[in-house]
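Here are the chains, one letter per residue:
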Amino acid sequence: MTKTLEFRNGEVVAVGNFLAGLKLKNKASRGRTKLIKLLDKKNKEFSEDRDEIRDPYFVKDESGKAVVKDNQYELKDKDKVGELNNKLNELAEEKAVIEFTEYNEKIKALYDALSNYTEDLSNSDAILYDLVMDQLENNFTKEGK
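Heads up: these notes are all about the structure in this document. Since we're looking at a predicted model, the values are computed, not measured.

## Some points on the pairing of strand E1 (residues 4-8)
Judged by which residues are buried, E1 turns out to be one-sided: Leu-5 and Phe-7 face inward and are buried, whereas Thr-4, Glu-6 and Arg-8, on the alternate face, are not. Bridge analysis of E1 against strand E4 (residues 95-99) gives five bridges, and the strand direction is antiparallel. Paired with Phe-7 across the bridge in E4 is Ala-96.

Printed below as a string of structure tokens:
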């Protein structure tokens, strides 16, 4: 059975950063490392898609690179910024499906460690913990594993 986690594209970096900051040992730490690598791969895909969407909206120099002015890309048509933002928001809301069957044992150890995590979590960390646990529970509790 294929094991997957689903996050929105816009959540991938925050989830990875959250996981990186946790105090974990042994197999749970290895599971975290595998999951962070899978999240990084999805984030690279998201970045490529974002660049593909943005590219037609930017002014280019002679070499074809987007022109940066005052630390921002220069838009061809400032009236289309809303259109561009809508497309980027749609992309950020799309699901990033992460298949982890190959690392099931290590991710299961991560799930077990997070289920028994004793460190205090607050604010965005608490929200991200809940998000990650919901996804892991979808894989491990319905099978009784």
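## Here we look at the pattern of salt bridges
For the structure shown, the criterion picks out ten salt bridges. Residues Asp-51 and Arg-54 are paired through a salt bridge, measuring 3.1 Å at the closest nitrogen-oxygen approach. With Asp-51 and Arg-54 both in helix H2 (residues 26-54) and three residues apart, the pair spans about one turn of that helix. Using a relative accessible area of 41% as the deciding quantity, one classes Asp-51 as partly exposed. The class of Arg-54 is buried, set by a relative accessible area of 18%. Lys-87 is the partner of Glu-83 in a salt bridge, and the nearest nitrogen-oxygen pair spans 3.9 Å. Of this pair, Glu-83 and Lys-87 both sit in helix H3 (residues 81-93), separated by four residues, roughly a single helical turn. Overall, the relative accessible area of 36% leaves Glu-83 in the partly exposed class.

Calculation criteria
Residues numbered from 1 in each chain as written. Predicted model: local features only at pLDDT ≥ 70, side-chain atom pairs only at ≥ 80, totals over all residues. Heavy atoms only, no water. Buried < 20%, exposed > 50% of the residue type's maximum accessible area, 1.4 Å probe, protein only. Helix = DSSP H or I, 4+ residues; strand = E, 2+ residues; numbered from the N terminus. Pairing = 2+ DSSP bridges. Salt bridge = Lys/Arg side-chain N within 4 Å of Asp/Glu carboxyl O.

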